[in-house]
Amino acid sequence: MDIKTPKIALGAWSWGAGAAGGDQVFGNHLFESDLQPVFNKAMECGLTLWDTAAVYGEGSSERILGTFLKDVRREDMIISTKFTPQIASDSETAMQDMLNGSKERLHTDFIDVYWIHNPMNVEKWTPDLIPLAKSRQIKSIGVSNHSLIEIKRANEILAAEGLKISAVQNHFSLLHRSSERAGILDYCKEMGITFYAYMVLEQGALTGKYNKEHPFPTGTGRGDSYNPHLAEMEALVAELKKVGEKYNASPAQIATAWAIAKGTLPIIGVTKVKQVEEAAASARITLTVDEIDHLEKLGDESGVHTLREWEKEM
């Protein structure tokens, strides 16, 4: 029997250090001893879906998660990791090689959801997923940061071999709804594809923890992106707090509940036990239509565009 997918995935992007890792992007330096209690709490809360990538911290995110996975039954976990074309070798077996590295670091023979991280070249990379899926090294196929045209083309390539996209993962938040406006959410619903929403909390900008007086760490990816816009986000964050008071919830929980209400599966990055507890509780919050509409209006009115260097408008 397949394990039931939780309403929320937990993200390990900010685990470890190195290129595209926790130190450079988030200003964190977190390793096994810091994160073991976080993983343990997730298991306790039934949050068994973890999202990572070979590129995060040059494999250190996968390695840390893999250390914890050794101590649990593999069939109790859902592991999502990614092939990133930008770091692929020139070898004809580049995707298989990167998958092998991920499997080794994660101590597993198979990956539940394997993604092409960025489109780069849909015609070149999509066919490489086919032998991985047919050999059951990957259970389901996902594409991340793909436009609607790219998603449809990838699905055509896979359909010719009796396969399909099961998951799409794009940046989606109250400040960044381009996937919704481009029709990607509707297409996913129509095709039975799970839409994974990443950066739902805008790397902490929508949690209420940061403001003009308490900015993000300087010299980090998120500091450079959000610190100049903290003033414009104040009204939205204030409303997240206000709605949160009604539900006895934090701003982060309301932003997460909003993403669930939109029919998406949010990926919440976790580095503390409390964040895991909050993520679990946010799945039990049901916002009203008026609350959803008002939050979206404030998000739009903020005028903040949080497109990051690896992304494009959908």
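Everything numeric in this text was worked out from a predicted model, so none of it was measured. (Residues numbered from 1 in each chain as written. Predicted model: local features only at pLDDT ≥ 70, side-chain atom pairs only at ≥ 80, totals over all residues. Heavy atoms only, no water.)

## Here's the deal with the overall build of the protein
- Within the protein one finds 14 helices and eight strands.
- Oriented by its inertia axes, the alpha-carbon framework of the protein measures out at about 50 × 40 × 40 Å.
- Within the protein, the fraction of its 314 residues that count as buried is 56%.
- Nonlocal contacts in the protein, meaning residues at least 24 apart in sequence, comprise 78% of its contacts between residues at least 6 apart. (Helix = DSSP H or I, 4+ residues; strand = E, 2+ residues; numbered from the N terminus. Buried < 20%, exposed > 50% of the residue type's maximum accessible area, 1.4 Å probe, protein only. Contact = heavy atoms within 4.5 Å.)

## Considering the side chain of Asn155
- Within the fold, Asn155 resides in helix 7 (residues 148-159).
- The residues contacting Asn155, other than those within four sequence positions of it, are Lys164, Ile165, Tyr187, Met191 and Ile193.

## Concerning the side chain of Ser179
- Looking at the secondary structure, you find Ser179 in helix 8 (residues 178-181).
- There is a polar contact of 3.1 Å between the side chain of Ser179 and the side chain of Asn170.
- Setting aside residues no more than four positions away along its own chain, Ser179 makes contact with Asn170, His171, Ile184, Leu185, Phe195 and Met314. (Polar contact = N/O pair within 3.5 Å; in protein donor to acceptor, adjacent residues only side chain to side chain.)

## Quick look at the packing of helix 11 (residues 234-247) against helix 12 (residues 251-261)
- Relative to each other, helix 11 and helix 12 sit at 90°, their axes nearing to 8 Å. Relative to helix 12, the element helix 11 is oriented roughly perpendicular. Contact residues: helix 11 offers Leu240, Lys241, Val243, Gly244 and Tyr247, while helix 12 offers Pro251, Ile254 and Ala255.
- Residue classes in the contact of helix 11 with helix 12 are distributed as six nonpolar, one polar and one charged. (Axes fitted to C-alpha atoms, helices over the stretch in contact; angles between N-to-C directions. Parallel < 35°, antiparallel > 145°, perpendicular 65-115°, else oblique. Nonpolar A, V, L, I, M, F, W, Y, C, P; charged D, E, K, R; others polar.)

Any functional reading would require information beyond the geometric quantities listed.
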